[in-house]
Amino acid sequence: MQKEKVKIEYKYKLCPVCSFFCNLNEQDKFCSFCGSQLIEACPECGEAIANPYAKFCKYCGKNYPGRNTKGNLE
Ligand SMILES: [Zn+2]
Ligand SMILES: [Zn+2]
């Protein structure tokens, strides 16, 4: 018997303003909390967001909008 390798990839939409996120399969287009338009992919390179808690794109290293780390030097 051969085991099928099913790779389930979860992808997310993020709110660029608050910390809201939802599954990419959801119909949500706008944040339920602040009304901002959700981002479905990295604005820099267009890769999907695989981790809803990620602050940086793992493909290009760009900081996701609204995901700035606290204590950043300005
Ligand atoms: Zn929001
Ligand atoms: Zn990216």
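Along each chain, the written sequence defines residue order, and numbers are assigned to residues from 1. Chains and ligands are labelled by the order in which they are written, letters from A for the one and numbers from 1 for the other. Since the coordinates come from a predicted model, pLDDT governs what is reported: local features require at least 70, and pairs of side-chain atoms require 80 or more to be given and counted, while whole-chain, interface and lining totals use all residues.

(A) Broad picture of the overall build of the protein chain. Each helix corresponds to a stretch of at least 4 residues labelled H or I by DSSP, and each strand to a stretch of at least 2 residues labelled E; elements are numbered beginning at the N terminus. Check the secondary structure of the protein chain and you find 0 helices and 2 strands. Two things to know: the radius of gyration comes from C-alpha atoms, and the globule rule equals 2.2 Å times the number of residues to the power 0.38. For 74 residues, the compact-globule formula gives about 11 Å, and the C-alpha radius of gyration of the protein chain, at 14 Å, lies well above that figure. Summarising its shape, the C-alpha atoms of the protein chain cover approximately 55 × 30 × 20 Å along the three principal directions. The buried share of the protein chain, reckoned over its 74 residues, is 14%. Here exposure depends only on C-beta density: within 10 Å of a residue's C-beta, 20 or more other C-beta atoms make it buried, 12 or fewer make it exposed, and intermediate numbers make it partly exposed, the C-beta atoms being placed from the backbone.

(B) Geometry of the nonpolar core. By size, the foremost hydrophobic cluster in this structure holds 9 residues: Tyr12, Leu14, Cys15, Phe21, Cys31, Leu38, Cys42, Ile49 and Cys57. Apart from the residues within four sequence positions on either side, cysteine 15 is in contact with Phe20, Phe21, Cys31, Cys34, Ser36, Leu38 and Gly66. By definition, a nonpolar core groups buried Ala, Val, Leu, Ile, Met, Phe, Trp, Tyr and Cys residues that are joined through C-beta atoms within 7 Å. Any pair of residues counts as being in contact when their C-beta atoms, constructed from backbone geometry, are within 7 Å of one another.

(C) The arrangement of the environment of cysteine 42 in detail. Within the secondary structure layout, cysteine 42 lies in the segment after strand E2 (21-23). For the pair cysteine 42 and lysine 58, spaced 16 residues apart in the sequence, the C-alpha separation amounts to 9.5 Å. If near-sequence neighbours (up to four positions away) are discounted, cysteine 42 is found in contact with Glu47, Ile49, Cys57, Tyr59, Cys60 and Lys62.

(D) View of the environment of tyrosine 12. Counting through the fold element by element, tyrosine 12 comes out in strand E1 (residues 12-14). In this structure the C-alpha to C-alpha distance between tyrosine 12 and cysteine 34, which are 22 residues apart in sequence, comes to 17 Å. Not counting chain neighbours up to four residues away, the residues in contact with tyrosine 12 comprise Phe21, Cys22, Asn23, Leu24, Ile49 and Pro52.

(E) Just the environment of glycine 66, in detail. Following the sequence through the fold, glycine 66 ends up in the segment after E2. Look at glycine 66 and you get partly exposed, because 17 C-beta atoms sit within 10 Å. Separated by 12 residues in the primary sequence, glycine 66 and alanine 54 have C-alpha atoms spaced 11 Å apart. When sequence neighbours within four positions are dropped, the list of residues in contact with glycine 66 reads Cys15, Pro16, Val17 and Cys18.

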